[in-house]
Amino acid sequence: MSTEILIAGGGIGGVATALACARRGITVTVLERAAEFGEVGAGLQIGPNAWRVLRELGVLDGLAGRAVLPSRWALTDITTGEEIFSLPFGEAFEERYGAPYAVMHRGELLTALITACRGTGLVTLVPGKEITEVGQDGESATAHCADGTSLTADALVAADGLRSVIRAQLLDAEPPLLSSYVVYRGPGPRPEGIEDAVMLYVGDGIHYMQYPISGGTMLNRVASFKSTRGEPGTDEWGTPQELTEKFAGAMAYVRQAVAEMDIGKRWPLCDRKPLAGWAQGRITLLGDAAHPMNQYLAQGACQALEDALALGAALAETPGDPAAAFKSYEAARFPRSSAVQELTRFVGDFCHFGGAAALLRDHFLARLSAEDRYAYTDWLYRADGTLPSRALPAHVDLYALRS
Ligand SMILES: Cc1cc2nc3c(=O)[nH]c(=O)nc-3n(C[C@H](O)[C@H](O)[C@H](O)COP(=O)(O)OP(=O)(O)OC[C@H]3O[C@@H](n4cnc5c(N)ncnc54)[C@H](O)[C@@H]3O)c2cc1C
């Protein structure tokens, strides 16, 4: 029996899902609100867990010459310039996880996914289609669009991001949780002498991150700080002037890098608490629509890619019964993505410690053995990585998945 799927949202999650479905012989239509398929922002870190997904989806050729494989991930004190911790991404890392750690331009990843979708002959990409509401009956699911049109298929996947209208309609109308941190992203040409590494400089309530992208020709730069002016999201909150003030005590290199950034747009950081119930009959949530998270573990898009693969497999396993496929997809994905969502918050706090907490952190990291450095990332990056039982947040209701 042939299945047709509608996907709401043509970001990395939506397009990867289209490809994962098409690889299983499923026909897909992707509806994207924007006039063109494209990605805002610049760099993306892709951990080995997501690189394996990209390999399985057959998009690595499309990234050749564009994805950069950095030599290491390093944590440095933003004030003194002292290196606190370094995780090498060499042979041992790649062997352990069966894939490298990669960094790339978001737009280049999306292009590679779109090219692969086109190659299947099963994916139709429709820009300029904003979904306002969805509906379903026992046989089909329908997307109603702002231009007055409606499209119907066997099932619908909501990959419409952090502010998903479909999530609001079906599961949770609450707005995302706004953190007090603001992010400025300023990619630019890569200056001479920049190491091929993911460099994170941390201080009390601030961080600066950089890594090369676009075949190593560009440098992705991100500066973030905890704003102490007004309410998150308001005009006086997280301004460029506060950015300069907050970074005034940073080492000269970071101060200069931040001063050189083109800071046209600020990004208030948002996430949500894990909430089960993505699968609702013939409609399911995926990616940021299902489990938006902060960026501190660099896993939001990686988790969306894992979702995509799991969803394609689930649909192929129960042909003709997308509702059952969506239930088993959620059961497979919810515990892991919930743990990542929660751990991400902790990692944010850990990076932004000041005073005695920062001293303890640095002391702990400096004494990790070579093996222990990896032990903390095994469950996240390893193909057979099992979730440590204590990693699952207490409030995550696994029972809800069984009903
Ligand atoms: C500063 C920062 C750094 C990050 N760094 C990393 C990183 O290094 N690694 C990583 O893995 N993740 C990272 N992330 C997270 C990552 O960006 C997201 O998790 C990921 O982009 C989510 O993809 P998505 O497809 O689910 O949603 P989105 O990328 O938000 O895509 C949703 C799409 O749906 C469309 N849409 C929305 N509403 C509608 C509608 N009503 N109708 C039709 N279309 C609609 C939108 O236009 C958009 O194209 C970072 C996030 C931030 C903020």
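The protein goes by FAD-binding domain-containing protein in an unreviewed UniProt entry, where it is assigned to Streptomyces boluensis. Turning to the protein, the UniProt record has this under Cofactor (unreviewed entry): "FAD".

Trainee: Tell me about the sheet that holds strand S10 (residues 150-153), and please be specific about residues and values.
Mentor: Where strands meet in a sheet, backbone hydrogen bonds hold them as pairs that are either parallel or antiparallel. What the three strands build is an open sheet, ordered S8-S9-S10; its pairing is antiparallel. The open sheet has two free edges, formed respectively by strand S8 (131-136) and S10, since each of these has just one partner strand. In this sheet, adjacent strand axes meet at a mean angle of 20° when their direction is disregarded.

Trainee: Break down the site of the ligand for me, with residues and values.
Mentor: In the neighbourhood of the ligand, 30 residues make up the surrounding shell, with Gly 13, Glu 32, Gln 45, Arg 106 and Asp 288 lying closest. Backbone polar atom of Ala 298 to a nitrogen atom of the ligand: 3.3 Å apart, as the coordinates give it. Only helix H1 (12-22), strand S3 (43-46), strand S12 (177-185) and helix H9 (300-317) provide two or more residues apiece to the shell around the ligand. The residue makeup of the shell around the ligand, split by class, is 10 nonpolar, 11 polar and nine charged.

Trainee: How would you summarise the UniProt feature "domain: FAD-binding" (unreviewed entry) in the protein if you had to cite specific residues and measurements?
Mentor: Annotation from UniProt places "domain: FAD-binding" (unreviewed entry) at residues 3-341. Taken as a whole, residues 3-341 contains 32% helix and 28% strand, while its terminal C-alpha atoms sit 32 Å from one another.

Trainee: Lay out the nonpolar core in plain terms, naming residues and giving numbers.
Mentor: Grouped together as the largest cluster of nonpolar side chains are 69 residues, with contacts concentrated most on Ile 46, Met 104, Leu 109, Leu 113, Leu 156 and Ile 166. Broken down by element, the residue count for this core peaks at eight residues, all from H1. Not counting chain neighbours up to four residues away, the residues in contact with Met 104 comprise Ala 42, Gly 43, Leu 44, Ile 46, Trp 51, Leu 63, Ala 67, Leu 109 and Ile 213. Of all hydrophobic cores here, the second largest spans 37 residues; its members include Tyr 101, Val 103, Leu 200 and Leu 368.

Trainee: Just give me the short version of the packing of H1 against H9, but keep the residues and values in it.
Mentor: When two helices pack together, their arrangement is captured by the angle between the axes and the distance separating the axes. Where H1 contacts H9, the two axes come as close as 8 Å, and the packing angle between them is 30°. Classified by the angle their axes make, H1 and H9 are roughly parallel. The element H1 and its partner H9 pack so that their crossing is right-handed. On the side of H1, the interface is formed by Ile 12, Gly 13, Ala 16, Thr 17, Ala 20 and Cys 21, while H9 contributes Ala 301, Ala 304, Leu 305, Ala 308, Leu 309, Leu 311, Gly 312 and Leu 315.

Trainee: Can you break down the packing of aromatic side chains residue by residue, with the values?
Mentor: In this description, a pair of aromatic rings is defined by centroid distance and the angle of the planes. Applying the stated criterion across every chain yields a total of 16 aromatic pairs. Where Tyr 201 meets Tyr 208, the ring centres are 5.8 Å apart and the plane angle is 40°; that geometry is what we call tilted. On the accessibility criterion, Tyr 201 (7% relative accessible area) is buried. Relative accessible area serves as the criterion here: at 0%, Tyr 208 is assigned to the buried category. One aromatic cluster is present, built from ring pairs that chain together Phe 89, Phe 93, Tyr 97, Tyr 101, Tyr 374 and Tyr 381. The ring of Trp 267 carries the charged tip of Arg 185 above its face, separated from the ring centre by 3.9 Å.

Trainee: Report on the environment of Asn 49, specifying residues and quantitative values.
Mentor: Secondary-structure assignment places Asn 49 in helix H2 (residues 48-57). The sequence separation of Asn 49 and Tyr 211 amounts to 162 residues, and the corresponding C-alpha distance is 19 Å. At a separation of 2.9 Å, a polar atom in the side chain of Asn 49 contacts the side chain of Glu 306.

Trainee: Tell me about the pattern of salt bridges, and name the residues and values.
Mentor: Applying the stated criterion across every chain yields a total of 21 salt bridges. The salt bridge involving Arg 345 is made with Asp 271; its shortest N-O contact spans 2.7 Å. Within this pair, whereas Arg 345 is found in helix H10 (residues 322-351), its partner Asp 271 is found in strand S17 (residues 266-271), the two being separated by 74 residues in sequence. You can call Arg 345 partly exposed: its relative accessible area is 31%. The class of Asp 271 is buried, set by a relative accessible area of 3%. A salt bridge links Lys 273 to Glu 342, with the shortest nitrogen-to-oxygen separation between them at 3.6 Å. Within this pair, whereas Lys 273 is found in the loop between S17 and strand S18 (283-285), its partner Glu 342 is found in helix H10, the two being separated by 69 residues in sequence.

Trainee: Which residues make up the layout of surface pockets, and what values do they have?
Mentor: By volume, the second largest pocket amounts to about 320 Å³. Around the second largest pocket, the lining is made up of 14 residues, and of these Glu 306, Leu 309, Arg 333, Arg 336 and Ala 383 lie nearest the centre. Those elements giving two or more residues to the lining of the second largest pocket turn out to be H2, H9 and H10. No other element matches the four residues that H2 contributes to the lining of the second largest pocket. Across the lining of the second largest pocket, the residue classes break down as five nonpolar, two polar and seven charged.

Trainee: An account of the sheet that holds strand S7 (residues 123-126) is requested, with residue identities and associated values reported.
Mentor: Read across the open sheet, the five strands follow the order S7-S2-S1-S11-S18; overall the sheet is parallel. The two strands at the open ends of the sheet, each matched to only one other strand, are S7 and S18. Neighbour to neighbour, the strand axes of the sheet diverge by 20° on average, direction disregarded.

Conventions used here
Residues numbered from 1 in each chain as written. Predicted model: local features only at pLDDT ≥ 70, side-chain atom pairs only at ≥ 80, totals over all residues. Heavy atoms only, no water. UniProt positions renumbered as here; feature names shortened; annotations may be inferred. Pairing = 2+ DSSP bridges. Helix = DSSP H or I, 4+ residues; strand = E, 2+ residues; numbered from the N terminus. Axes fitted to C-alpha atoms, helices over the stretch in contact; angles between N-to-C directions. Near = heavy atom within 4 Å. Polar contact = N/O pair within 3.5 Å; in protein donor to acceptor, adjacent residues only side chain to side chain. Nonpolar A, V, L, I, M, F, W, Y, C, P; charged D, E, K, R; others polar. Core = buried A, V, L, I, M, F, W, Y, C linked by side-chain atoms within 4.5 Å. Buried < 20%, exposed > 50% of the residue type's maximum accessible area, 1.4 Å probe, protein only. Contact = heavy atoms within 4.5 Å. Parallel < 35°, antiparallel > 145°, perpendicular 65-115°, else oblique. Left-handed = near helix turned anticlockwise from the far one by under 90°. Phe/Tyr/Trp six-rings, centres within 6.5 Å; stacked < 30°, edge-to-face > 60°. Lys NZ or Arg CZ within 6 Å of the ring centre and 35° of its normal. Salt bridge = Lys/Arg side-chain N within 4 Å of Asp/Glu carboxyl O. 1 Å grid on protein atoms, 1.4 Å probe; cavity = no way out; pocket = protein on both sides within 12 Å on 5 of 7 lines; lining within 4 Å. Points joined across faces, edges and corners; volume = space filled by probe spheres on them.

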